[in-house]
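These are the residues of each chain, in order.
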Amino acid sequence: MLNAAACRPPTGTTYLCVGQDLFSVDEYVMSQYNYSLHADIMNSTAKAGVVVSNITHQMPVSSFVPSSFMVYTDLQSLRGLWAAADYGSGIQYADGLLNLFPSSIDHSHQTRGAAGLQIGLWLNGTQGCSSICEGELDMQIEQLITYMEHSRASKIFLRLGYEFDNPEFGYSDNPELYILAFRKIVSDCRKGLSAKAQTRVMFVWHSWGAPMASKQLKLHSFYPGDKYVDWIGVSIFQQVLPWSPPWGGQISDVENVLEFAQKRGKPTMIAESTPFGGIELKQASKAAKENIDETSDPWDRWYGQVIDVINKYDVSMWCYINCDWESQPQWHNVGFGETRLSSNTEVMTKWHEQIMSGKSNRTFLNLGALDTCGDVTLTGNKSGDDWFTPNHLLSFILVPFIVASGAFFIPYFTLRGRGRSTKRERRPLLADMNDASSFRAKLQNRQTFTNSN
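Trainee: Go over the packing of helix α1 (residues 22-42) against helix α10 (residues 345-356), please, and point to the residues and values.
Mentor: At a closest axis distance of 11 Å, the pairing of α1 and α10 adopts a crossing angle of 90 degrees. With respect to α10, the element α1 is oriented roughly perpendicular. Contact with α1, carried on its side by Y28, S31, Q32, Y35 and S36, involves M348, T349, W351, H352 and M356 of α10 and no other residues of that element. Broken down by class, the residue content of the contact of α1 with α10 amounts to five nonpolar, five polar and no charged.

Trainee: Run through the state of the cysteines, naming residues and quoting values.
Mentor: According to the stated counting rule, one finds one disulfide in the structure shown. At a sulfur-sulfur separation of 2.3 Å, the disulfide partner of C7 is C373. The sign of the S-S torsion, about -115 degrees, decides the handedness of the disulfide formed by C7 and C373: left-handed. Remark: C373 occurs in the loop between β13 (363-365) and α11 (390-405) and C7 occurs in the segment before β1 (13-19); sequence separation between them is 366 residues. Here C17 stays unpaired: no disulfide links it, and the sulfur of C319, its closest cysteine neighbor, is 3.4 Å away.

Trainee: For the pattern of salt bridges, give the residues involved together with the corresponding values.
Mentor: Evaluated as defined, the whole model comprises ten salt bridges. Here D324 ties to R340 by a salt bridge, and the two come within 3.8 Å at their closest N and O atoms. Placement of D324 in the loop between β12 (317-321) and α10 and of R340 in the loop between β12 and α10 is noted, with a sequence separation of 16 residues between them. Relative accessible area serves as the criterion here: at 17%, D324 is assigned to the buried category. For R340, a relative accessible area of 25% translates into the label partly exposed. Each of D138, K184 and D188 takes part in a single network of salt bridges with overlapping partners.

Trainee: I'd like a description of unusual backbone geometry, backed by residues and values.
Mentor: Of the consecutive residues G19 and Q20, the connecting peptide bond is found in the cis state with omega at 10 degrees. Along the chain, Q20 turns up in the loop between β1 and α1. In this model, E163 sits at a positive phi of 50 degrees, which is unusual for a non-glycine residue. With respect to the element layout, E163 can be found in the loop between β8 (156-160) and α5 (175-192). Unlike most non-glycine residues, N333 shows phi in positive territory, near 65 degrees. Inspection of the secondary structure puts N333 in the loop between β12 and α10.

Calculation rules
- Residues numbered from 1 in each chain as written.
- Predicted model: local features only at pLDDT ≥ 70, side-chain atom pairs only at ≥ 80, totals over all residues.
- Heavy atoms only, no water.
- Axes fitted to C-alpha atoms, helices over the stretch in contact; angles between N-to-C directions.
- Helix = DSSP H or I, 4+ residues; strand = E, 2+ residues; numbered from the N terminus.
- Parallel < 35°, antiparallel > 145°, perpendicular 65-115°, else oblique.
- Contact = heavy atoms within 4.5 Å.
- Nonpolar A, V, L, I, M, F, W, Y, C, P; charged D, E, K, R; others polar.
- Disulfide = S-S within 2.5 Å.
- Salt bridge = Lys/Arg side-chain N within 4 Å of Asp/Glu carboxyl O.
- Buried < 20%, exposed > 50% of the residue type's maximum accessible area, 1.4 Å probe, protein only.

This is the structure in structure tokens:
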């Protein structure tokens, strides 16, 4: 039975979500489409010098648009929702993504709605939570409500104070204040949103799935309560890798969060995920590389294990970060590496076989699935017409050229609106942060893991 209030998909199905910046999402869609077209060409048969394609199996570009997009903003500025912003971590632009991949008309002439948005909302630690509770950010909350009310997104998943239990994110010294801030935002949104908009907005409580600041802290120390939480999320980066450092967590930390959600009957999402160190582990530490079998399958090493978690706990949404982290100033030399699926032929092939083509036991849901809360039979079976707009043509041709030429950084200097950003690991990508010092310690840990002998 569908959980209509939370838009939980049917058992055995998972919404596919991709991020975390505009051009990375665009590269994901177009590279998937490119792979599919070449696969069709390879499977074509030639008769009397004429190539005859198996047209019934050729999927339109809209088939490769995920069900939702990952974007980031912070409550203080709300940048990256209505207009583009870039602080060295790629273009954040929620409306831009919805414009780039609009709704479409399928072959039965039925309108398929726009994709959803999965928004990471930074609250700026205890200091920000205090401001929220004191009413100092009420105007910003009203602006957020206005955005969600009028957004063309089919559904919005709002991650409030994402990775609240990350020791470096500033919530651990006063979890009670985080709870109060979470409750206030949810209450204000539910009061301010129309009844129709309320059915489109889900509030996500997102743990980082790794050790907390102290052993005294538990998940329930931060939990706002079932009344305020619609979905529960967890991050998966290095936890599935055998060389994950102590601070990075283990798979048991991830499972602890998912079991917490199961006990409360909440749908779950892997809210942030990417193979830390890169698909080919070129940014992994030397110590990690010493434990790697050179013949090991990069798919089995990370993706297969994540899918095992999804199957075990029937995870309802998988959010994958498809990104060349090293090309972005904020993430250069932090250790995330190259995680674009298109960067590895083997991984790309298996992604198509297991995720896009429905050959696995689980169905991953793309554009349009959120319209019916996942009530579709197979990703791609009800895809839209083969639309290919000038936006896609320009981005497909120009984006690789821009990245290669170094002009990728022009938007960064043009749009940032402030001095050079400091490196922040998975901190709000657009936020006007007042204090970067607490995060430097975390980056030092990341860099130690990345560069250690």
